[in-house]
Each structure stands twice: as C-alpha cells, then as structure tokens.
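Coordinates in review
One letter stands for each residue in the lines below.
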Amino acid sequence: MSIDLCLVVPPFAQVETPTLGVAILAAACRARGLRVTVVHANLMLAARVGHGCYGEIATSNVASLLGERLFLPHAYRADPAVAFDAPTALPPRLRSTHDAVAPAIAPLLDDVCTRIRSLAPRIVGITSSFQQTLAASAIAQRIKDEAPDTRIVLGGPNAASPMGEALADIFPWIDHFFSGEADIAFPDFCAHLLADPGADLPRIVHCPPLTDMRCSPAPDFSDYFADLDRLGDALPASLPEALPVELSRGCWWGAKNHCTFCGLNGATMMFREMPGATALAELDGLEAKWSIGRFAVADNIMPLRYLTDLLPALAARGEPPTLFYEVKANLKYDQLALMARAAIEKIQPGIESLSSPVLKLMRKGVSAHQNIALLRDCRSLGIGVVWNYLYGFPGEQVEHYAPVAALIPALEHLEPPNDFSPLIVDRFSPYHNTPEAFGIAGIAPIAAYRGLFPRHARLDAIAYHFRGNYTTALIDDADTRLAMGRAIGLWRLQWAIGASPQLRIVDADGAPVVIDTRRIATQAQISLPPEWNRALRLLERPHAADDLDVDPAVIAELIARHYILAHEGLLLSIVTRQAQDITEPPAYANAPAA
Ligand code: SF4
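Residues numbered from 1 in each chain as written. Predicted model: local features only at pLDDT ≥ 70, side-chain atom pairs only at ≥ 80, totals over all residues.

**Here we look at the overall build of the protein**
Let me state the cut-off plainly: Each helix is a run of H or I in the DSSP string that is no shorter than four residues. Each strand is a run of E no shorter than two, and both are numbered from the N terminus. Two things to know: the radius of gyration comes from C-alpha atoms, and the globule rule equals 2.2 Å times the number of residues to the power 0.38. For the exposure call, what matters is how many other C-beta atoms sit within 10 Å of a residue's own: 20 or more marks it buried, 12 or fewer exposed, and in between partly exposed, using C-beta atoms placed from the backbone. Any residue pair is listed as a contact if its two C-beta atoms, each placed from the backbone, are within 7 Å.
From N to C terminus, the protein includes 21 helices and 24 strands. Here the C-alpha atoms of the protein give a radius of gyration of 26 Å, agreeing with the 25 Å that 2.2 N^0.38 yields for 594 residues. Reported as C-alpha extents along the three principal axes, the dimensions of the protein are approximately 85 × 55 × 45 Å. The buried share of the protein, taken over its 594 residues, is 45%. Taking contacts inside the protein between residues at least 6 apart in sequence as the whole, the part at least 24 apart equals 76%.

Here it is, written out as structure tokens:
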C-alpha cells in the first residue's frame, strides 16, 4: 500500500535522540490526515558502521565537513560537463575514519532507497542541517531516477534562503526547497499536491515564522522507535538517551542584542515561547507515551517566564523528568537552585570566554565573573555545564587571555570547557552579515567546502561556515595561544581521568572545613576560621578590594590559597559549598540585566 509522504533523516544527524523537526512535521502532517512514514537513514548507517564510528563523524569538527565528504561520490549524476575542484586533504585520523566508512555508503543508499520505494510515497521530504546536504542529494537523486513522478522536497536549516536557492541551481532532482518554519506551510503544501498531483507549486517555498508556539504540534517519535526496533541489536539498547522537545523559538537576548558570532535562528530572532502550562502538558504527554523522563530541550535560550511558571511546577513534583537546557549565563544562585530542584541536570550557558572585554566584543551581555560564579554554583548544586572556550574575536588582545591561562589551575574544580577553538564565522551572524563593521575583510567559505559542490555552484550562498581575512593580537601570539590551550588541556585531563578536583566547604561535626584537592592546593584540608568564612560569603558576588569590610590580611591569605580570584580588578570566591550552605542572594525579581 502506498503512503502520502515519506520523511527522511539522512546521515549524519545524531542518533542519540530522535530528530525533532522531522518528528514535528510528521505530527503536523498526520494531524492533516496524511499517511506518513519517517525513514531514519542515520540509524541505518549507524547500525551498519557501528555507533561509536558513526558518532565520531557526526560530532567531528565542522572544519573538515567529513560527513559531507563521505557522500560526495554519490551526490551527483555523472556529467562530464560539470567540473569539480579536488577536495582539501583530510588530517590522517579523519582520513582513516573516512576510508573505513566509505565502503558502507553505497550499500546504505541501496537499503534506504529500497525501503523508501517499498513505501511508494507520492512525496519524499528530506531534512538537512549541519552535514546532511550531500547525503540528502544522493538519496533524492536515486529516488528521482527510480520513481520520477515522486515529488521531492528538501527542508531544514540548510535549505533556508539563500542556501535553498543556490542548491536548487545544482540539484535538479529536487523539486522544492522549503525555507523557514514549515510547521503549517508544509502540511498545506503536501495536502495541495496530493489533491492536485500536477499542481505547479513554487520551487522555493518561503515559510513565515510561527507566531504562536501552540500552533506547533507535539513531536511524534513513533517511527524513530519503530526503526530502532527494526535494527535490533545493531544499536545500543540505551538509545534514545533523551527525547528532544522545543518549548520556544528564537532568542530573547539576540532579538535585542545579537551576539556577534551567533548564526542560529536564520532570518528571525523573534522570540516565541509556550506558556508554562502548555510546556508542562507536552512534557507530561511525551513521558507518558514513551515512558522516558529525560528531555533535551532544543531551545536556544530558556524563556525567563519558566523561572516563575514551568520550573516551580516541575520542582513541586516528587520525581520530575530530567532536562538539558540552554540558558543565559547570568543566572543567580537561587535561579540555579530552582533549576536543580526542577531536575535540570545539565545546562549549556554559552560561557564562551572568561574575559569580560572579550565577552563585550561578543555582545554576550555577561561578565567573566558571572561566568565563573555560574560554574561555581553549578558545581555546588550538581548541575552539569556544557561549554566551549572560543578565541579569534576581532579586537581581542593578548592581555585578555594571558591572565586567564594563569587563573586556570585555580579553577580545576569547576567544569572545564569541551574545547579551546577558533571562531568560525557562521552565516546569519553579525560577523557574516556586516563583516566590515568588525574589520573583517574577504569573507569566504571555509576551505573544506572546496570540491564538495560543482565549480559553477554559488558556494558563497550555499556555505554556512566562513573564514574572514583578519587577525587579532592573540592569533598572532602563538605562545599565549599555546599556553591557553595547554592550561585548558590539563584542566580537561583532571576531569577525564576522574580526579574530580574539589574546593569545597563541608560540614565536619558542625564546623566548616575546606577540602582542597586541586593540584594547586596549599593544604588538602583546613578548618575554616569564621573571618575567612565571612569573607568567602561576601565574595560569592564580585567586589573591589576597597569595597569590602574585611581585614586585608584575610583577603591576602584567601588569595594566596586560591580560594579567591583577583581577576579584572574584582575579587570573587571560587569555593563551592554543600548546596544548603550557600547564602541566598537577593531573590530574582525582574529579568536579569543581560
Ligand atoms: S549566542 Fe545564544 S544568547 Fe547569543 S544571540 Fe545566539 S542564541 Fe541568543
């Protein structure tokens, strides 16, 4: 029996969670009465080459575009008139991964297309974000060759205008390109096409952003679970690790102050959020349906209103579901404590730097001290923090990094960044939109795009990642970059080997004791004198030294022990405490001054 619509998730979408956009579109189309099946080509490839190997490619550095490289030999029809440049060389480790996986691609495409053909869909919708474009083209081309009457649609972030228009020039086997939020427009489009198969519909479909998140249906993950079942033991039984949900779109911070490097949200930063009660009902519905109480929230930034509606409601539950959430880093202790009570077990706060001047260059709206205090309070509360340290911001100076490298040994008890990596200019970011305003000249797609698209393709319009022709004092100072990279590497190593460094005040028979297991520790354990404890409590918020009613000798001692940081002219305690011991700072009242 034929179906109306087959939605395809190409490699290298991650397999640890279902793909959210496709699950939302499947639900929206089913609500319109369409017969829909989602085919997870990503799961099929992971099952073929092994979960670990697949994950290595799915999470590989974007600068290599390894995922796209693997589908290059299958993405185009043989045509001697279409010329390609030679792709850039891969580093040896990626080359061996590439060579190990490459033989699996053609049989994978055979399997995927056999499965799609067996469903006999009238429309095939393929999603593309990150490294999925050439896989999408390879699947589309084969389906078109085998079933020319099938309408093929490409959507997802890589089809957003002007990328979709430029891909339309080189992928004639794809009929339509959807740009923007397709929740309503795509089901309408499919219903129209099914009612009138010969309809002359636009090749590029521009979708206006949703104005009310309640118009977006809850995602339908049934086909993800069906495909997992079909693949049996070939994938870990632990999948999925979490269910993705989307409770808001856009960014309330970016709508007024777009971070200079941020290319998220395409054409619109407009912030839209579900009311807390709607969000709660969606989480409850998904947990009840799939018996999974772990959610990866896909929002760019947590709505502030959730601090007063959704999170208190979750916190009031005996066993709330656990959440991963992206947040703004200027959260205060009582807000983080609420998050911990609401079972938010991990956050991604966009820390990016521990230098206030660099954060200002990014328009991040937070200071280095707020970032460090957040890391400290999350360690106290047991909330995991995912973050990266970025460099290469136009205007940065060596003195924005050298003091941070010196601080890092004192910070080893706080969660380290995943990486110390250079800025890549992303499409839709201010650095890409107005490079001249930042002194960036010669914006061009990163080298890895070379050879992936025909020579005549409009690569400037297709690419998402760019390099600019500019430098900074840090880029020119290899010694300081090396010192930062080495310090962060050692920090990460302490955590990787399970050393779990601590700098924590614990209660020992009613008396506070400092436990210090950092490599920089001057004493592993010491009773905390009351005047030290008082100073540390005062310095849970940053203060200038002359702004404190504390004996300067105490401050000098606490600095010498690396319990207090002196950074950028302010003092800050970095000592963690058992959660209940932390001084409650002033209650959250209004939106934080981001
Ligand atoms: S980096 Fe985060 S906070 Fe900044 S504009 Fe982008 S989504 Fe918003």
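**Notes on the pairing of strand E6 (residues 204-207)**
As a reminder, the rule being used: Strands were regarded as paired on the criterion that DSSP finds at least two bridges between them. Orienting the strands away from the viewer, one traces the path from the first strand over the helix to the second; a clockwise path indicates a right-handed crossover.
The sheet contact formed by strand E5 (residues 176-180) and E6 spans 4 bridges and is parallel. Paired with Gly180 across the bridge in E6 is Cys207. As a crossover connection, the stretch from E5 through helix H9 (residues 185-195) into E6 is left-handed.

**Notes on the sheet that holds strand E16 (residues 425-426)**
Taken in spatial order, the 3 strands of this open sheet run E16-E18-E17, and their pairing is antiparallel. Both outer strands of the open sheet, E16 and strand E17 (441-445), are each paired with one neighbouring strand and no more. Relative to strand E18 (residues 465-469), E17 runs antiparallel, the two being bridged by 3 bridges. Residue pairing in the sheet places Pro445 in a bridge with Phe466 of E18.

**Notes on the sheet that holds E5**
The condition is simple: Helix axes use the C-alpha atoms of the stretch in contact, all axes being lines fitted to C-alpha atoms, and the angles between their N-to-C directions lie in the range 0 to 180 degrees.
Strand order in the open sheet formed by 6 strands is E2-E1-E3-E4-E5-E6, and the pairing between neighbours is parallel. Each having just a single partner strand, strand E2 (36-40) and E6 make up the two edges of the open sheet. With direction set aside, neighbouring strand axes in the sheet form an average angle of 20°. The sheet contact formed by strand E4 (residues 151-155) and E5 spans 2 bridges and is parallel. Bridge pairing in E5 places Val153 opposite His176. Sitting on the sheet, helix H8 (residues 163-170) touches E4, E5 and E6, and the angle it makes with E5 is about 170°.

**Side note on the domain arrangement of the protein**
Condition: The domain boundaries here were taken from an automatic or database domain assignment. Residue polarity is assigned by list, with Asp, Glu, Lys and Arg as charged and Ala, Val, Leu, Ile, Met, Phe, Trp, Tyr, Cys and Pro as nonpolar; anything else, Gly included, falls into the polar class.
Partitioning the protein into domains gives domain 1 (5-215), domain 2 (233-496) and domain 3 (507-583). In this structure, domain 1 and domain 2 have C-alpha centres spaced 26 Å apart. Contacts between the two partners involve 37 residues from domain 1 and, on the opposite side, 38 residues from domain 2. For the side of domain 1 that touches domain 2, the secondary structure elements donating two or more residues are helix H2 (41-49) and H8. For the side of domain 1 that touches domain 2, the leading source of residues is H8, giving 6 residues. A class-by-class count of the residues in the side of domain 1 that touches domain 2 yields 26 nonpolar, 5 polar and 6 charged.

**Brief notes about the nonpolar core**
For clarity, the cut-off: For the purposes of this analysis, a nonpolar core is taken to be any set of buried Ala, Val, Leu, Ile, Met, Phe, Trp, Tyr and Cys residues that are connected through C-beta atoms within 7 Å.
Counting residues in each nonpolar core, the largest one holds 169 residues, and the members touching the most others are Leu7, Val8, Leu25, Val112, Ile139 and Ile574. When sequence neighbours within four positions are dropped, the list of residues in contact with Leu7 reads Val22, Leu25, Ala26, Val36, Val38 and Gly125.

**Re the environment of Pro435**
Within the element layout of this structure, Pro435 appears in the loop between helix H17 (430-433) and E17. Residues Pro435 and Pro445, 10 residues apart in the sequence, show an inter-C-alpha distance of 14 Å.

**Quick look at H2**
Within H2, 8 of the 9 residues are buried, which leaves it mostly tucked inside the rest of the structure. Looking only at H2, the buried set comprises Ala41, Asn42, Leu43, Met44, Leu45, Ala46, Ala47 and Val49.

**Concerning the pairing of E4**
The buried fraction of E4 is high, at 5 of 5 residues. Strand direction decides the pairing type here: strand E3 (residues 123-127) and E4, joined by 5 bridges, are parallel. Within E4, the residue paired with Ile126 across the bridge is Leu154. Read from E3 through helix H7 (residues 133-146) to E4, the crossover connection turns out right-handed. Handedness of the crossover is the feature at issue here: the chain leaves E4, passes through H8, returns alongside E5, and the resulting connection is right-handed.

**Things to note about the confidence of the model for the protein**
It should be kept in mind that the predicted coordinates are not to be read in detail where pLDDT is low. Going by this rule: pLDDT: the predictor's confidence for each residue, scored from 0 to 100.
Here the protein averages 95 in pLDDT, and 97% of its residues register 70 or above. Segment residues 584-594: pLDDT under 50, and 16 contacts once partners within four positions in sequence are set aside and those in other chains are kept.

**Looking at unusual backbone geometry**
Residues other than glycine predominantly adopt negative phi, and peptide bonds predominantly adopt the trans conformation. For the peptide bond that leads from Pro11 to Phe12, omega is 10°, which places it in the cis range. Assignment of secondary structure puts Phe12 in the loop between strand E1 (5-9) and helix H1 (20-31). A cis geometry characterises the amide bond from Ser161 onward to Pro162, with omega recorded as 5°. You will see that Leu65, though not glycine, has its phi angle at about 50°, which is positive. Tracing the backbone shows Leu65 in the loop between helix H3 (51-58) and helix H4 (66-71). Classification of Leu65 by C-beta neighbours within 10 Å gives buried; the count is 28. Here Phe130, not a glycine, exhibits a phi torsion of approximately 45°, which is positive. Locating Phe130 in the fold gives a position in the loop between E3 and H7.

**What to know about the packing of helix H20 (residues 530-538) against helix H21 (residues 552-560)**
Operational definition: Any angle that is under 35 degrees is reported as roughly parallel, and any over 145 degrees as roughly antiparallel; angles of 65 to 115 degrees are reported as roughly perpendicular and all others as oblique.
Here H20 crosses H21 at 75°, and the two axes come no closer than 10 Å. Viewed along their axes, H20 and H21 adopt a mutual orientation that is roughly perpendicular. Along its contact with H20, which presents Glu531, Trp532, Ala535 and Leu536, the element H21 presents Val554, Ile555 and Leu558.

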